[in-house]
Structure formats: C-alpha cells, structure tokens
Amino acid sequence: MKTFLIIDIYNLYYRALHAINSKDSLELQEGLMLHTLIYMIKKACDKFNPSHLVVCSDGHKSWRKKYYSAYKMNRIERLQDRTPAEAMREERLKSIFENEFLPFIKEKTNISFLECNEAEADDLIARFIKLHNNDLNIILSTDNDFIQLLSDNVIIYNSMEDRIVSNKCMISSINNVPIKFSIKDGKISVSRTDCLFKKGETNLVPMENWVQYALFSKCIRGDKSDNIFSAYPGIREKSTKNTVGMLDAFADMATKGYNWQTFMNSTWETPFGEKKIVKECYEFNKRIIDLNEIPDDIKNNIDKSIKESLKINGINQVGFNLAKFLNRWKLEKLLESIQNFSSYFSKTY
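Residues numbered from 1 in each chain as written. Predicted model: local features only at pLDDT ≥ 70, side-chain atom pairs only at ≥ 80, totals over all residues. Heavy atoms only, no water.

## Points about the sheet that holds strand β7 (residues 170-172)
Now for step 1: Spatial ordering of the open sheet is given by β3-β2-β1-β4-β5-β6-β7-β8, a layout of eight strands whose pairing is mixed. Every interior strand has two partners, whereas the edge strands, β3 (112-114) and β8 (177-178), have only one.
Now for step 2: For strand β1 (residues 3-8) and strand β2 (residues 52-56), the ladder comprises five bridges, and the chain directions are parallel. Bridge pairing links L5 to L53 in β2. (Pairing = 2+ DSSP bridges. Helix = DSSP H or I, 4+ residues; strand = E, 2+ residues; numbered from the N terminus.)

## Quick look at the nonpolar core
Now for step 1: By size, the foremost hydrophobic cluster in this structure holds 60 residues, and its most contacted members are L149, W210, F216, I220 and F263.
Now for step 2: By residue number, the principal contributor to this core is helix α7 (residues 210-221), which donates eight residues.
Now for step 3: When residues no more than four places from it in sequence are discounted, the contact partners of L149 are I125, A126, I129, I139, V154 and L291. (Core = buried A, V, L, I, M, F, W, Y, C linked by side-chain atoms within 4.5 Å. Buried < 20%, exposed > 50% of the residue type's maximum accessible area, 1.4 Å probe, protein only. Contact = heavy atoms within 4.5 Å.)

## Focus: the packing of α7 against helix α10 (residues 278-289)
In a packed pair of helices, the relevant descriptors are the angle between the two axes and the axis-to-axis distance.
Now for step 1: Following both chains from N to C, one finds α7 and α10 inclined at 115 degrees, their axes separated by 8 Å at the closest point. Here α7 runs over α10; the crossing is right-handed. Contact residues: L215, F216, K218, C219 and I220 in α7; V278, Y282, N285, K286 and I289 in α10.
Now for step 2: Partitioned by chemical class, the residues of the contact of α7 with α10 number seven nonpolar, one polar and two charged. (Axes fitted to C-alpha atoms, helices over the stretch in contact; angles between N-to-C directions. Left-handed = near helix turned anticlockwise from the far one by under 90°. Nonpolar A, V, L, I, M, F, W, Y, C, P; charged D, E, K, R; others polar.)

## Some details on the packing of aromatic side chains
Now for step 1: Applying the stated rule across the entire model yields 23 aromatic pairs.
Now for step 2: When the centroid spacing of 4.9 Å and the interplanar angle of 25 degrees are considered together, the rings of Y67 and F284 count as stacked. Here the residue Y67 occupies a position in helix α3 (residues 64-67), and F284 occupies one in helix α10, the gap between them amounting to 217 residues.
Now for step 3: With a centroid separation of 5.7 Å and an interplanar angle of 35 degrees, the aromatic rings of F216 and F250 are classed as tilted. On the criterion of sequence distance, the pair formed by F216 in helix α7 and F250 in helix α8 (residues 246-251) is long-range, its members being 34 residues apart.
Now for step 4: Given a relative accessible area of 1%, F216 falls into the buried group.
Now for step 5: Under the relative-accessibility criterion, F250 is labelled buried at 11%.
Now for step 6: Put simply, the rings of Y10, Y13, Y14, F97, F101, F104, F325 and W329 pair up and form one aromatic cluster.
Now for step 7: One Lys or Arg, K2, reaches over the ring of Y349 and ends 4.4 Å from the middle of that ring.
Now for step 8: A cation over a ring is seen here: K256 above W260, with NZ or CZ 5.0 Å from the ring centre. (Phe/Tyr/Trp six-rings, centres within 6.5 Å; stacked < 30°, edge-to-face > 60°. Lys NZ or Arg CZ within 6 Å of the ring centre and 35° of its normal.)

## Re unusual backbone geometry
Now for step 1: Its identity is not glycine, yet K72 carries a phi of approximately 60 degrees, on the positive side.
Now for step 2: For K72, the location among the structural elements is in the loop between α3 and α4 (73-80).
Now for step 3: The phi torsion at D162 lies on the positive side, around 55 degrees, for a residue other than glycine.
Now for step 4: Structurally, the position occupied by D162 is in the loop between β5 (154-158) and β6 (163-165).
Now for step 5: The buried category is assigned to D162, whose relative accessible area is 13%.

## Structural notes on the environment of V154
Now for step 1: Along the chain, V154 falls in strand β5.
Now for step 2: Taking the C-alpha atoms as reference, V154 lies 14 Å from L291; in sequence the two are 137 residues apart.
Now for step 3: Ignoring anything within four residues of it in the chain, the contact list for V154 reads I129, N137, I139 and L149.

Any functional reading would require information that these geometric values do not contain.
Shown next, in the form of structure tokens:
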C-alpha cells in the first residue's frame, strides 16, 4: 500500500498569501510566500513520510460554470474591491506562484502535477482517490469541501492549524490529543472554550455518519464562498412543532420516510415572490457540491489526465534543481535543511 500526499496547491497558496505581512517589501513578501509554500509541504512530508507527492491545480475554467453561470462570481466582485496597491501586490505574488513556482514543481521535480482544463483541484483530488482506493491518501488543505471524501483510507491534514481529520476523529498533530468539534453548515467548527476531550472520553465525532451529514447540510445551507445559495433559507437543525429540521430529515434519508418527504417537499419564496421547492434546490446544490456528481465526460477527461500526468519515469538531479531554486529566491532556512526533505521531491509514482 502506498501513501500519497495530495496537495491542493491553490489552497496552500492563498493560505501562504494571508500569512505574510503586506507591509513588508515586495521582495520579502515573495520570499516569504515561497518559503511558506515549500515549508508546508515539507512539514506534511516529515509527518507522514509519503511514497509520492501529488499536486492538484485548478483548470482554466470549471464545468460548473456551464451548469450554474453565477458560480464563484462573488469572488470577482471581491477582486474589484481591492485598492490599486493591493491589486498590484496580489498580482505580483500570483505571477511568481504561477510562472515560477508551479513550473518548477511540474518540470524540475518528480512530483506528479495534475490539472485538467474544465476541472477544479477538488475534482482531481476526488478522482485520484477513486483511482487509488487501496492506498492511503492524505489531503493537504484547509478546505472543508474535502470532508465528504473522508474514509478509512482518506485523511485531511490542515498544516496551518496542525490538525489531522479522519472519519473517526480529529486530533492535534502537535501532541496527538483528540479535539472536540461539531458540524456547522457543512463545515468543521471547533469551540475555543472547550476544544479538548476529557480523559477517558470516547465520543470522538459529533454524530454517527457525520461525514455524510456534513455533505447533506452543506447542500442545504449552500456555500457563500462559491456563491451557492441555501436550498432552504432559515431552516433549523432541530425540528420544531411545525417544521421538520435538518437532523430529522437526514436521519430519514435512507428510507425516504415521512420526515424526509415532508422536509424535501417544503416550499419557500424568494424576495421576488418566486416559489421554490426544497427538493429541487437541494438537488441543484448537490450537483455542484457533491464530488460524486462530476459529469461522466468530465470524469473520463480527468481520469485520462491523471494517468498521463503521473511521474512514473522521473528526472535526475531533483535535489540540485531544488537547491538552485531555493538559492535563487534566497530561501536560506530551507537550504539549511534541504538534505532532510529533497528526497520527497525526488520520489516517482
């Protein structure tokens, strides 16, 4: 059985971007951004000793745009709100990331670099795992969208918060202590006041089938970051006297009984007086959010792209290439420990 470290590279980039001080010189920001990217990969490698690294990148467009034209349109609006100085800084850093770092990973290392024109990194990661379901797959990302992929052979490593999430528990990877968490709007939520389990406590997850509930609740709540609206605005988790809540509907999902039917056949009105049926809105959201809903033609293209991109026959002198890149960008701290992690960049599929 192999161990794959699957890197959601744009997620890692945006985390690195927000970790640096915008008041520093642009040259220093460039170095810190690259240092953070490589350090986070090194940190995960040191922890899990993977057999091979896999970087997944977003394609130039997403198949979801054809299905839902407003998909992620809110992100464009946020970009337009930047000041000229902020825009210049972010565009410069993104240029370094896309035109220097990504080509280095793709061309000068033995890391498998996966991309497909109409697919997002989430799609590539989901399909890679499907094609390697007998191996251990570790997703390096802070994105809650990957919760739905958790299984006995899939875990998520959040390197920014040093947390490991599996389908059985969440633990602090610093001291291996379980962390309490709940599911809120399809996302993991950790209490700041009571995050550690008491000694001897055995209830390590919020509920049975919590992974499936996370996906269900996200499809109901929508995803503001992707401009996906709620399928049932204002619905509560727990049932009231007159309304079936999300928890009771979910508990009835397998049998499609009374609570499920009542919940799904409920209606609501938009501010413009348009009548909506929860079932139709839920199925619309599910098609966008559920990574099992990738259209067959896109799925086939992704699988083909993955197989063609795996670094089976590697290149030589990866360690030299890495040292050259680190030296060029004056990443001295990483250069000092290059012998401890360059081998990870050299391992072929």
